[in-house]
Amino acid sequence: MNILVSGGAGYIGSHTCVSLLEEGHQVIVVDNLSNSKYEVIDRINKITNRNVIFYKADLTEKDLIDVIFSKHAIDAVIHFAGLKSVGESVEKPLKYYHNNIVSTLNLVRVCQNYGVNKFVFSSSATVYGNNQVPSVETLNLLPTTNPYGETKAMSERILKDISSANPELSVSILRYFNPVGAHTSGLIGEVPNGIPNNLMPYMTQVAKGKIEKLKVFGNDYLTSDGTGVRDYIHVMDLAEGHVAALNSLTKGVHIYNLGTGRGTSVLELIEAFEKANSIKLSYEIVERRAGDLAESYAETSKAFEELGWVAKRDIVDMCKDAWRFEKNNLE
Ligand code: NAD
Ligand code: WQD
């Protein structure tokens, strides 16, 4: 198939491009490179010995997208492109609503004009907010605590409404838990902009000596050791989850959690990283971070039963692969 991958130069998109190319698909990436670099495309080509077709274009500009669809017979779209910093979205809500919502609307509109009926969307566990755990797809969504989360919940609603009006559409909404790790080649991985917000890139930068000490945000949660518990998932498992979702697309809107179903605390992740890489991480316990949940992990049976997909890589793989990429990353 010819798959258009929006945001394919980014962290999750680039790993998914690798999986798609390895499955024999042709990949057309559209990315404005606002949070990524063209070099990633070269690296995807190097890993797979294939060639991605690349367009530097902004999805908020519909005419540009139209031109791309007119040049290629697109069979399906995987829509990763979006801004993703929770904190920045609180400071700049308009930037987030505009970028994330207008991009989704433009892409869906162009798909409709060109009769492209297969659509996979990057959503997030953040849409569950402070709901019960494990998070199960049938839960009614509560309002999230930040504009980023709202753009995901809104995009999900937009896709549901458009699908109700067009029964030919097949949409898969994938709610990712906490993606970490990198491709085993060490060539592609997560490159945060500035000081990382997320735990794993923060840990790898401490390990590299770029940051002096890790701050553990709170040890008084009602969890096994008092620190926050999350469902970390290897980015290559996530990438393979997209291929499974694409292969299983059926008419209507279908929502799947992509996680491992297992929770790991901050202290457990630090210990696993230290053991896996024989490195000591210096850390201190500080105040809780505003807006954080005590725990979040996925109920994963729906993805297994309907997509035949299950995460295969464990925490040790995640820690080793994340560190290999950080070591190779010259910045
Ligand atoms: P990323 O920032 O690495 O990748 C997103 C890509 O989209 C970037 O290359 C960026 O340049 C591009 N982009 C942004 N706005 C664009 C626009 N208007 N037009 C064209 N390109 C644009 O992020 P990621 O971690 O790979 O996340 C991919 C998707 O998954 C996002 O939608 C994100 O919200 C979602 N998600 C991420 C996580 C996570 O923890 N990384 C968790 C859940 C969901
Ligand atoms: C994990 C755990 C922190 C950093 C975020 C977004 C979510 C999704 C994934 C996009 C928590 C603790 C963290 C640090 C720490 N993204 N921590 N010190 O908050 O679960 O999810 O990324 O959709 O929407 O909110 O991930 O990696 O920031 O935090 O102690 O320096 O690590 O308190 O318990 P989070 P995270």
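In this report, the structure presented in the accompanying data block is examined. (Residues numbered from 1 in each chain as written. Chains lettered and ligands numbered in written order. Predicted model: local features only at pLDDT ≥ 70, side-chain atom pairs only at ≥ 80, totals over all residues. Heavy atoms only, no water.)

### Some words on the site of ligand 2
Using the following cut-off: Put simply, a residue is near a molecule or strand once any heavy atom of it comes within 4 Å of that molecule or strand. To be clear on the numbers: accessible area is Shrake-Rupley with a 1.4 Å probe, and residue cover counts the displayed protein chains and nothing else. Secondary structure elements follow DSSP: runs of H or I no shorter than four residues count as helices, runs of E no shorter than two count as strands, and numbering proceeds from the N terminus.
Residues in contact with ligand 2 amount to 19 residues; listed here are only the nearest, Ser 124, Tyr 148, Lys 215, Arg 230 and Asp 292. When ligand 2 is considered free in solution it has 690 Å² of accessible area, and contact with the protein chains removes 86% of it. No other element matches strand S8 (residues 214-217), which puts 4 residues into the shell around ligand 2.

### Focus on the side chain of Glu 150
For clarity, the cut-off: Note on classification: 1.4 Å probe, protein chains only; a residue is buried when its accessible area is under 20% of the maximum for its type, exposed when over 50%, partly exposed between these limits. When charges are tallied, Lys and Arg are placed among the positive residues and Asp and Glu among the negative ones, while His and the ends of the chain are skipped. Salt-bridge detection follows one rule: a side-chain nitrogen of Lys or Arg within 4 Å of a carboxyl oxygen of Asp or Glu. Any two residues having at least one pair of non-hydrogen atoms within 4.5 Å are treated as being in contact.
Mapped onto the fold, Glu 150 is located in helix H6 (residues 147-165). We note that Glu 150 is buried and unpaired, the nearest opposite charge coming from Arg 157 at a distance of 4.9 Å. Leave out the neighbours within four places in its chain, and Glu 150 touches Tyr 97, Pro 143 and Thr 144.

### As for the packing of helix H5 (residues 93-113) against H6
To keep things clear, this is the line we draw: Where helices are involved, their axes are fitted lines through C-alpha atoms of the stretch in contact, as for all axes, and angles between N-to-C directions lie from 0 to 180°. For classification, angles of less than 35 degrees are called roughly parallel, those exceeding 145 degrees roughly antiparallel, those between 65 and 115 degrees roughly perpendicular, and all remaining angles oblique. Should the near helix be turned anticlockwise from the far one by less than a right angle, the crossing is termed left-handed; should it be turned clockwise, right-handed. Here the term charged refers only to Asp, Glu, Lys and Arg, the term nonpolar to Ala, Val, Leu, Ile, Met, Phe, Trp, Tyr, Cys and Pro, and the term polar to all other amino acids, Gly among them.
Running from N to C, H5 and H6 point in directions that differ by 20 degrees, and their axes come no closer than 9 Å. The orientation of H5 relative to H6 falls into the category roughly parallel. Seen from above, H5 lies across H6 with right-handed handedness. On H6, the residues touching Pro 93, Tyr 96, Tyr 97, Asn 100, Ile 101, Thr 104, Leu 105, Val 108 and Gln 112 of H5 are Pro 147, Tyr 148, Glu 150, Thr 151, Met 154, Ser 155, Ile 158, Leu 159 and Ile 162. Of the residues assigned to the contact of H5 with H6, the class counts are 12 nonpolar, 5 polar and 1 charged.

### Some words on unusual backbone geometry
With an omega of -5 degrees, the peptide bond between Val 133 and Pro 134 qualifies as cis. Structurally, Pro 134 can be placed in the loop between strand S5 (118-124) and H6. Even without a glycine there, the phi angle at Asn 49 is positive, about 60 degrees. Structurally, Asn 49 is set in the loop between helix H2 (39-48) and strand S3 (53-56). On the basis of relative accessible area, Asn 49 is assigned to the exposed category, the value being 72%. Not every positive phi belongs to a glycine, and Ser 278 is a case in point at roughly 50 degrees. Its location among the elements puts Ser 278 in the loop between helix H9 (266-277) and strand S13 (283-286).

### A word on empty space enclosed by the protein
Filter applied, for reference: The pocket and cavity definitions rest on a 1 Å grid over protein atoms only: a 1.4 Å probe that fits but cannot leave marks a cavity, an open set with protein on both sides within 12 Å along at least five of seven lines marks a pocket, and residues lining either have an atom within 4 Å of a point. Grid points are joined across faces, edges and corners, and a volume is the space filled by probe spheres set on the points.
In this structure the tally under the stated criterion is 3 cavities of 30 Å³ or more. Lining of the largest cavity is provided by Gly 181, Ala 182, Glu 190, Met 200, Pro 201, Thr 204, Ala 322, Phe 325 and Glu 326. Looking at the lining of the largest cavity, the elements that each hand over two or more residues are helix H7 (199-208) and helix H11 (315-328). A per-class count over the lining of the largest cavity returns 5 nonpolar, 2 polar and 2 charged.

### Some thoughts on the site of ligand 1
Inclusion rule: Polar contacts, as used here, are pairs of N or O atoms within 3.5 Å; protein pairs need one atom able to donate a hydrogen and one able to accept it. Residues neighboring in sequence count only if both atoms are side-chain atoms.
Within the structure, ligand 1 sits among 27 residues, and Asp 31, Asn 35, Ser 36, Phe 80 and Tyr 148 are positioned closest to it. Take Tyr 148: an N or O atom from its side chain is 2.6 Å from an oxygen atom of ligand 1. Protein chains shield 96% of the accessible area of ligand 1, which is 820 Å² for the free molecule. For the shell around ligand 1, the elements supplying multiple residues, two or more each, are helix H1 (11-22), H5, S5 and H6. A total of 3 residues in the shell around ligand 1 trace back to one element, the largest contributor, which is S5.

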